[in-house]
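# Coordinates in review
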Amino acid sequence: MTTSGVRVRIAPSPTGEPHVGTAYVALFNYLFAKKHGGEFILRIEDTDATRSTPEFEQKVLDALKWCGLKWSEGPDVGGPYGPYRQSDRKDLYKPFVDKIVANGHGFHCFCTPERLEEMRAAQRAAGKQPKYDGHCLNLSAEEVTTRIASGEPNVVRMKIPTEGSCKFVDGVYGPVEIPWDAVDMQVLLKADGMPTYHMANVVDDHLMKITHVARGEEWLASVPKHILIYQYLGLEPPVFMHLSLMRNADKSKLSKRKNPTSISYYSALGYLPEALMNFLGLFFIQIAEGEEILTIDELATQFDPENLSKAGAIFDIQKLDWVNGRWLREKLSEEDFQHRVLQWALENDRLREGLKLSQSRISKLGELPDLMGFLLKSDLHLDPAAFAKIKSTPEELLEILNTVQPDLEKILEWNVESVEAELRAIADRMGKKLKVVVAPLFVAVSGSSRSLPLFDSMAILGRAVVRQRLKLAAQTVATLVGPKN
Ligand code: GLU
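Per an unreviewed UniProt entry, the protein goes by Glutamate--tRNA ligase and derives from Rhizobium tubonense. On record in UniProt, under Function (unreviewed entry), the comment for the protein is "Catalyzes the attachment of glutamate to tRNA(Glu) in a two-step reaction: glutamate is first activated by ATP to form Glu-AMP and then transferred to the acceptor end of tRNA(Glu)."

## Observations regarding the site of the ligand
Around the ligand lies a shell formed by R9, A11, P12, S13, E45, Y197, N201, R215 and W219. In the model, an oxygen atom of the ligand is placed 2.7 Å from a nitrogen or oxygen of the R9 side chain. When the free accessible area of the ligand is taken as 300 Å², the share hidden by the protein chains comes to 84%.

## Comments concerning the UniProt feature "binding site: ATP" (unreviewed entry) in the protein
If you check UniProt for "binding site: ATP" (unreviewed entry), the listed places come out as K256 in our numbering. Along the polypeptide, K256 turns up in the loop between β9 (239–243) and α8 (263–268). By relative accessible area, K256 is classed as partly exposed at 36%. Ignoring sequence-local partners within four residues, the contact set of K256 consists of T261, E409, R467 and K471.

## Examining the nonpolar core
Generally speaking, nonpolar side chains in soluble globular proteins are found buried as a group. Membership of the largest hydrophobic core comes to 101 residues, with the highest contact counts inside it found for L69, L280, F284 and L423. Top element by residues in this core is helix α1 (residues 20–36). It accounts for 11 residues. Here L423 is in contact with V404, L408, L434, L441, L454, F455 and M458, once residues within four sequence places are set aside.

## Some thoughts on the side chain of E39
Note on placement: E39 falls in strand β2 (residues 39–42). No salt bridge forms around the buried E39; measuring N to O, its nearest opposite-charge neighbour R7 is 5.6 Å away. Side chain to side chain, E39 and S72 meet in a polar contact 2.5 Å long.

## Digging into the packing of aromatic side chains
Within a pair of aromatic rings, the relevant descriptors are the distance that separates the centres and the angle that separates the planes. All chains considered together, the criterion is met by 15 aromatic pairs. Look at Y24 and F283: their rings are 5.9 Å apart centre to centre, the planes differ by 80°, and that puts the pair in the edge-to-face class. Remark: F283 occurs in the loop between α9 (273–281) and α10 (296–302) and Y24 occurs in helix α1; sequence separation between them is 259 residues. Considered together, Y24 and F283 belong to a single accessibility category, that of buried residues. Three or more aromatic residues link up through ring pairs in this structure, and these residues are Y24, F28, F32, Y265, Y266, Y271, F279, F283, F284, F303 and F315. In this structure, R147 packs its charged tip against the face of F110, placed 4.4 Å from the ring centre. Directly above the aromatic system of Y132 lies the positively charged group of R157, at a separation of 3.9 Å from the ring centroid.

## Remarks on the UniProt feature "domain: Aminoacyl-tRNA synthetase class I anticodon-binding" (unreviewed entry) in the protein
The UniProt entry lists residues 339–473 under the feature "domain: Aminoacyl-tRNA synthetase class I anticodon-binding" (unreviewed entry), expressed in the numbering used here. A helix fraction of 67% and a strand fraction of 0% characterise residues 339–473, whose end C-alpha atoms lie 33 Å from each other.

## What about the pattern of salt bridges?
Close approach of charged atoms allows side chains with opposite charge to pair. Summed over all chains, the structure comprises 32 salt bridges. Here E73 ties to R7 by a salt bridge, and the two come within 2.8 Å at their closest N and O atoms. Of the two residues, E73 sits in the loop between α2 (54–66) and α3 (90–102) while R7 sits in strand β1 (residues 7–10), which places them 66 residues apart along the sequence. Taken as a pair, E73 and R7 share a single burial class, namely buried. For E152, the salt bridge is made with R147, and the minimal N-O distance between the two is 2.8 Å.

## As for the sheet that holds strand β3 (residues 106–109)
Taken in spatial order, the 3 strands make up an open sheet running β3-β4-β7, and their pairing is antiparallel. Looking at which strands have only one partner, the edges of the open sheet turn out to be β3 and β7 (187–189). Going from strand to strand, the sheet's axes swing by 45° on average, the running direction of each strand aside. As judged from the 2 bridges shared by strand β4 (residues 155–158) and β7, these two strands associate in the antiparallel manner. Of the residues in β7, the one forming a bridge with V156 is L189.

## A word on helix α11 (residues 317–331)
Every α-helix carries 3.6 residues per turn, so stepping three or four residues along brings you back to the same face. Across its 15 residues, α11 extends 20 Å between first and last C-alpha, which sits within 8% of the 21 Å expected from 1.5 Å per residue. Among the residues of α11, L320, V323, N324, G325, R326 and W327 are the ones counted as buried. On its buried side, α11 packs onto α8 and α9. The backbone nitrogen of Q318 lies 3.0 Å from a side-chain oxygen of the residue at the head of α11, namely D316.

Conventions used here
Residues numbered from 1 in each chain as written. Predicted model: local features only at pLDDT ≥ 70, side-chain atom pairs only at ≥ 80, totals over all residues. Heavy atoms only, no water. UniProt positions renumbered as here; feature names shortened; annotations may be inferred. Near = heavy atom within 4 Å. Polar contact = N/O pair within 3.5 Å; in protein donor to acceptor, adjacent residues only side chain to side chain. Areas by Shrake-Rupley, 256 points an atom, 1.4 Å probe, with all protein chains shown as cover. Helix = DSSP H or I, 4+ residues; strand = E, 2+ residues; numbered from the N terminus. Buried < 20%, exposed > 50% of the residue type's maximum accessible area, 1.4 Å probe, protein only. Contact = heavy atoms within 4.5 Å. Core = buried A, V, L, I, M, F, W, Y, C linked by side-chain atoms within 4.5 Å. Lys, Arg positive; Asp, Glu negative; His and termini not counted. Salt bridge = Lys/Arg side-chain N within 4 Å of Asp/Glu carboxyl O. Phe/Tyr/Trp six-rings, centres within 6.5 Å; stacked < 30°, edge-to-face > 60°. Lys NZ or Arg CZ within 6 Å of the ring centre and 35° of its normal. Pairing = 2+ DSSP bridges. Axes fitted to C-alpha atoms, helices over the stretch in contact; angles between N-to-C directions. Expected span 1.5 Å × (residues − 1).

This is the structure:
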């Protein structure tokens, strides 16, 4: 039971593979709730119906559970303020939007996507930040009624003050001031009757009695819109806390192009969830050297949101390796260690599936490590010579690897059939034989040109590991490409 009244939430959008950034924000909220004796809630934000899928939702829940995070309310466990999935709450939002319009704070907009695109193009050409120009702001009530009655598609937008600025105090950033001029007349209700993220987010935080909103700093610029929606509805906003984004060592935004960002990548490589949480939790505490290895409960004790680590959230894989190594070596008993190794190898059926594929190719068991070791290895140490043996030129190999990498991202459900179908389609598009396209992939994925069947191996390894292996392969092949004349 809540003792403090503190209620926080993680509100992932199920539009892709669960990201370490989601685990980072979820951990902050979890520790915040624990520290204050409050509740940690999970809400699925799937207002973007074209990109959200039930499979990704399941993956988000599984990944956060793998991290060891537990929520007291959510789509899987229910709770007093459910449903906890926005697509199941559709009818709840309309009265709030109606109220905003009735009070003159919102308006119907009939602009077509073509008109909006032309408007934005003209603004961009003039060097201006694209934003809605107020075309439908002053339509007469009669015109609006007639056009709606005639079935003309429309959205509802919010009005924005024409002068001054929005001032608020962020729990992490401190005082923030954003001029209203920089804020767009945000769409609140889409033409299909679904609310936008902004509308649903505010209404749900209100209805779910959320007291503190802690999320990534990419949402800081949206706070003026949110504060305005709260005001328009006569509601008190929660406390906002925007966490600095995790960055690569070169300070660039953490993205899968540079570093693996999927939680599943780290679980596949044999990082312990405790170690990943420990590593992420160090961003939220000030701790003396030598005392960095902490359980999630110990992190909660040390946690002080007023005093976040000043070092910035650099996703330093070497540090994660160090934390993980210490967990494996020092925090697990001999028995625990053995148990966790088996658990890891059996996860995603990697060992079982690998054995199944190996059986028809084996003459003694001792060949197994060579035959299927690549399914368990964290690093293949690719040898450029293995690529040099393939018939295609290094330039062609590079072209194949660089084409395959982004195209594989288009696969919705990653499995043997979808991987095979996509690779066949890629070969067609490139006008190459399938065997030419898969030759460098064999080496990239398994480290050798003779190994287990490729599509099955890719399915077993998972998208995140395959992505990283293709990236490393492209780097290796690039060393074979001669200097340009
Ligand atoms: N659905 C948003 C996201 O996935 C949540 C933002 C928020 O916490 O308000 O980033």
